Amino acid sequence: MADLTRISISLEENLLQQFDKLIEHKGYATRSEAIRDLIRDLLIRQQARHAHGDQVAVVTMVFDHHARELAAKLIDKQHHHHNLVVSSLHVHLGERHCLEVSVLRGPGHEVMHLGDELLATKGVLHGEITFTGSEGDLEKLG
Ligand code: NI
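First, a word on scope: everything that follows refers to the structure included in this document. Fair warning: this is a prediction, and the values are worked out from it, not measured in the lab.

What counts, and at which threshold
Residues numbered from 1 in each chain as written. Predicted model: local features only at pLDDT ≥ 70, side-chain atom pairs only at ≥ 80, totals over all residues. Heavy atoms only, no water. Helix = DSSP H or I, 4+ residues; strand = E, 2+ residues; numbered from the N terminus. Expected span 1.5 Å × (residues − 1). Buried < 20%, exposed > 50% of the residue type's maximum accessible area, 1.4 Å probe, protein only. Arc of directions from axis to C-beta. Donors = N, O, S within 2.8 Å, 3.2 Å for Na, K, Ca; no water. Patch = residues over 30% accessible without salt bridge, like charges linked within 9 Å, V, L, I, M, F, W, Y side chains within 5 Å. Areas by Shrake-Rupley, 256 points an atom, 1.4 Å probe, with all protein chains shown as cover. Salt bridge = Lys/Arg side-chain N within 4 Å of Asp/Glu carboxyl O. Core = buried A, V, L, I, M, F, W, Y, C linked by side-chain atoms within 4.5 Å. Contact = heavy atoms within 4.5 Å.

Points about helix H4 (residues 108–119)
Each α-helix winds once per 3.6 residues, and so residues spaced three or four apart point in a common direction.
Here is step 1: Helix length check: H4, at 12 residues, gives a terminal C-alpha distance of 16 Å against a target of 16 Å (1.5 Å per residue), a fit within 8%.
Here is step 2: Considered for burial, the residues of H4 that qualify are Gly108, Val111, Met112, Leu114, Gly115 and Leu118. Seen from one end, H4 has its buried residues packed into an arc of 165°, which puts them on one side.

If you want it as structure tokens, here you go:
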């Protein structure tokens with residue numbers, strides 16, 4: 001194994017308990033191995049974002065619509081990049097929380113930038129950007 005560097009991280013007790021339960025269920029021997037896999041997954045996804053040509057991605061966001069001006073901020077950001085936003089779906093999960101799914105299409109780095117910007121908006125509780133094949137990519141597969 002390559003040289004290892006030891007790091008320490010801080011996180012909420014509740015989050016750690018849930019993480020430990022999850023990785024035990026998934027069969028990880030150690031937290032380190034689970035975190036290594038998470039990091040590798042992030043790196044691989046990042047590489048996919050830098051592919052050439054138009055890319056298609058789906059962004060999911062869960063947020064509290066009571067959070068100050070959050071819903072308006074998310075809408076403003078999407079209007080500002082309306083050329084990249086193909087369609088959006090909004091689901092009211094309950095009294096407080098909303099799920100929004102947006103399909104983005106355009107140059108990879110622009111799609112990535114908008115996705116990152118949406119997910120980094122303060123108050124977005126959970127979300128991810130998933131890149132998928134564009135028409136050009138799929139054509140190449142025959
Ligand atoms: Ni809603």
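There's plenty left to go through after this.
A word on the coordination of the nickel ion
Here is step 1: Coordination sphere of the nickel ion, protein contribution only: His90 (NE2), His92 (ND1) and Cys98 (SG), at 2.0 to 2.4 Å.
Here is step 2: Taken in chain order, the donor set of the nickel ion reads H-x1-H-x5-C.
Here is step 3: Classification of Cys98 by relative accessible area gives buried; the value is 2%.

Remarks on a nonpolar patch on the surface
Here is step 1: Where nonpolar side chains cluster on the molecular surface, the patch consists of Ile7, Ile9, Leu11 and Leu15 and spans about 410 Å² of accessible area.
Here is step 2: Within the element layout of this structure, Leu15 appears in helix H1 (residues 13–26).

A look at H1
Here is step 1: The terminal C-alpha atoms of H1, which comprises 14 residues, lie 20 Å apart, in line with the 20 Å expected from a rise of 1.5 Å per residue.
Here is step 2: Taken residue by residue, H1 has Leu16, Phe19 and Ile23 as its buried positions. All buried residues of H1 project into a common sector of 60° when viewed along the axis, lining one side. Those residues of H1 that are exposed and angled more than 90 degrees off the buried face are Lys21, Glu24 and His25.

Topic: the nonpolar core
Here is step 1: Membership of the largest hydrophobic core comes to 17 residues, with the highest contact counts inside it found for Met61 and Leu74.
Here is step 2: Elements supplying a minimum of two residues to this core: strand E1 (54–64), helix H3 (70–80), strand E3 (97–107), H4 and strand E4 (124–132).
Here is step 3: Among all residues touching Met61, those that are not within four sequence positions of it are Leu74, Gln78, Cys98, Leu99, Glu100, Leu118, Leu119, Val124, His126 and Gly127.

Some remarks on the pattern of salt bridges
Here is step 1: Taken as a whole and assessed by the stated rule, the structure comprises 5 salt bridges.
Here is step 2: For the salt bridge of Arg40 with Glu33, the shortest nitrogen-to-oxygen distance reads 3.9 Å.
Here is step 3: When its relative accessible area of 41% is taken as the criterion, Arg40 is described as partly exposed.
Here is step 4: Residue Glu33 is classed as partly exposed on the basis of its relative accessible area of 27%.
Here is step 5: When the shortest N-O distance is used, the salt bridge between Arg40 and Asp37 registers 2.5 Å. Residue Arg40 and its partner Asp37 are both found in helix H2 (residues 31–49); the two are separated by 3 residues, about one turn of the helix.
Here is step 6: On the accessibility criterion, Asp37 (28% relative accessible area) is partly exposed.
Here is step 7: Several salt bridges share partner residues, and in doing so they unite Glu33, Arg36, Asp37 and Arg40 into one network.

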